[in-house]
Amino acid sequence: QVALQILAQATIAQVEMDTVIFNAAMSACEKGVALRPALQILREMEVQCVKRDTVSYNAAISACEKSWDAGQALELLCEMTAGGVERDSWTYNAVISACQKGEQWELALQLLDDMVKDSVERDSTSYSAAVSVCARVGQSRVAFELLSAMARLRLQGECLA
């Protein structure tokens, strides 16, 4: 809420609002696990014709992930794609982590495939989240296949419970 108040005061004071200012406010929301304010800021950027970039969307998607809202995270990923905004490993990892929390293992696997299609490098975080969700929902064969792929790629994952 403080981030929204600061943005409102900056607007009243006629401070020129740019992508960096909005991204900083969204980052504060994300760190405070405040999904609604982060989404409000992202929408306000559109209203004020301020360019929304990868950092903008990543902050909002990360807020979704921390709020366990895989649906909203995926919606933002689709919005990025439609708007021609570059997706990076941070983007995909946050959406996959949201899927992990929502136990959406099939979607997590689809996102791993999408990373290849988008020429985004899959890293240990990508695989670890997918392995974790597969293990959690009883897809042990799929989890093992992902662990094998990690070993072939020489990726070291986080310890999985």
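Our structure's up above, just so we're on the same page.
From a predicted model like this one, the values you see are computed outputs, not experimental measurements.

Trainee: Could you clarify how one ought to interpret helix 7 (residues 105–117) in this entry?
Mentor: Since there are 3.6 residues in each turn of an α-helix, residues three or four apart along the chain are aligned in direction. Compared with an ideal rise of 1.5 Å per residue, which puts 13 residues at 18 Å, helix 7 spans 19 Å between its outermost C-alpha atoms and is within 8% of the ideal. Those residues of helix 7 lying buried are W105, A108, L111, L112 and M115. Each buried residue of helix 7 sits inside an arc of 115 degrees when the element is viewed along its axis, so together they form one side. Structural note: helix 7 exposes E106 and K117 on the side pointing more than 90 degrees away from its buried face. Summarising the contacts, the buried residues of helix 7 are in contact with helix 5 (70–83), helix 6 (89–101), helix 8 (124–136) and helix 9 (140–152). One or two residues past the end of helix 7 sits S119, with phi positive at roughly 60 degrees.

Trainee: Just to check I follow, could you spell out the nonpolar core for this structure?
Mentor: Nonpolar side chains in soluble globular proteins generally cluster together in the buried interior. Core analysis: the largest hydrophobic core is formed by 50 residues, its most contacted members being M26, L76 and L146. Not counting the four nearest positions on each side in its chain, M26 is found in contact with A38, I41, L42, M45, S56, A59 and A60.

Trainee: What exactly am I supposed to notice about helix 9 here?
Mentor: Look at helix 9: 18 Å from first C-alpha to last across 13 residues, which is about the 18 Å you get at 1.5 Å a residue. For helix 9, the full list of buried residues reads V142, A143, L146, A149 and M150. Projection of helix 9 onto a plane perpendicular to its axis shows the buried side chains occupying an angular sector of 120 degrees, all on one side. Along helix 9, the residues that are exposed and aim more than 90 degrees away from the buried face are S140, R141, F144, A151 and R152. If you follow the buried residues of helix 9, they end up packed against helix 7 and helix 8. At the exit of helix 9 stands R154, carrying a positive phi of roughly 60 degrees.

Trainee: Before we go on, may I ask you to explain unusual backbone geometry in this structure?
Mentor: Phi is mostly negative for residues that are not glycine, and the peptide bonds are mostly trans. Although it is not a glycine, C49 adopts a positive phi angle of roughly 55 degrees. Residue position: C49 is located in the loop between helix 3 (35–47) and helix 4 (54–66).

Trainee: I'm lost on the environment of A130 in this one. Help?
Mentor: For A130, the position within the fold is in helix 8. In this structure A130 comes out as buried when scored by relative accessible area, which is 0%. As a C-alpha pair, A130 and A10 span 120 residues in sequence and 41 Å in three-dimensional space. Setting aside residues up to four positions removed in sequence, A130 forms contacts with I96, L112 and L146.

Trainee: Mind showing me how you'd approach the pattern of salt bridges here?
Mentor: Where charged atoms from two side chains of opposite charge come close, those side chains can pair. Enumeration over the complete set of coordinates arrives at seven salt bridges. For R52, the salt bridge is made with E46, and the minimal N-O distance between the two is 3.8 Å. Owing to a relative accessible area of 45%, E46 belongs among the partly exposed residues under this scheme. Each of the salt bridges in this network shares a partner with another, and the network as a whole consists of R43, E46, R52 and E79.

What counts and how
- Residues numbered from 1 in each chain as written.
- Predicted model: local features only at pLDDT ≥ 70, side-chain atom pairs only at ≥ 80, totals over all residues.
- Heavy atoms only, no water.
- Helix = DSSP H or I, 4+ residues; strand = E, 2+ residues; numbered from the N terminus.
- Expected span 1.5 Å × (residues − 1).
- Buried < 20%, exposed > 50% of the residue type's maximum accessible area, 1.4 Å probe, protein only.
- Arc of directions from axis to C-beta.
- Contact = heavy atoms within 4.5 Å.
- Core = buried A, V, L, I, M, F, W, Y, C linked by side-chain atoms within 4.5 Å.
- Salt bridge = Lys/Arg side-chain N within 4 Å of Asp/Glu carboxyl O.

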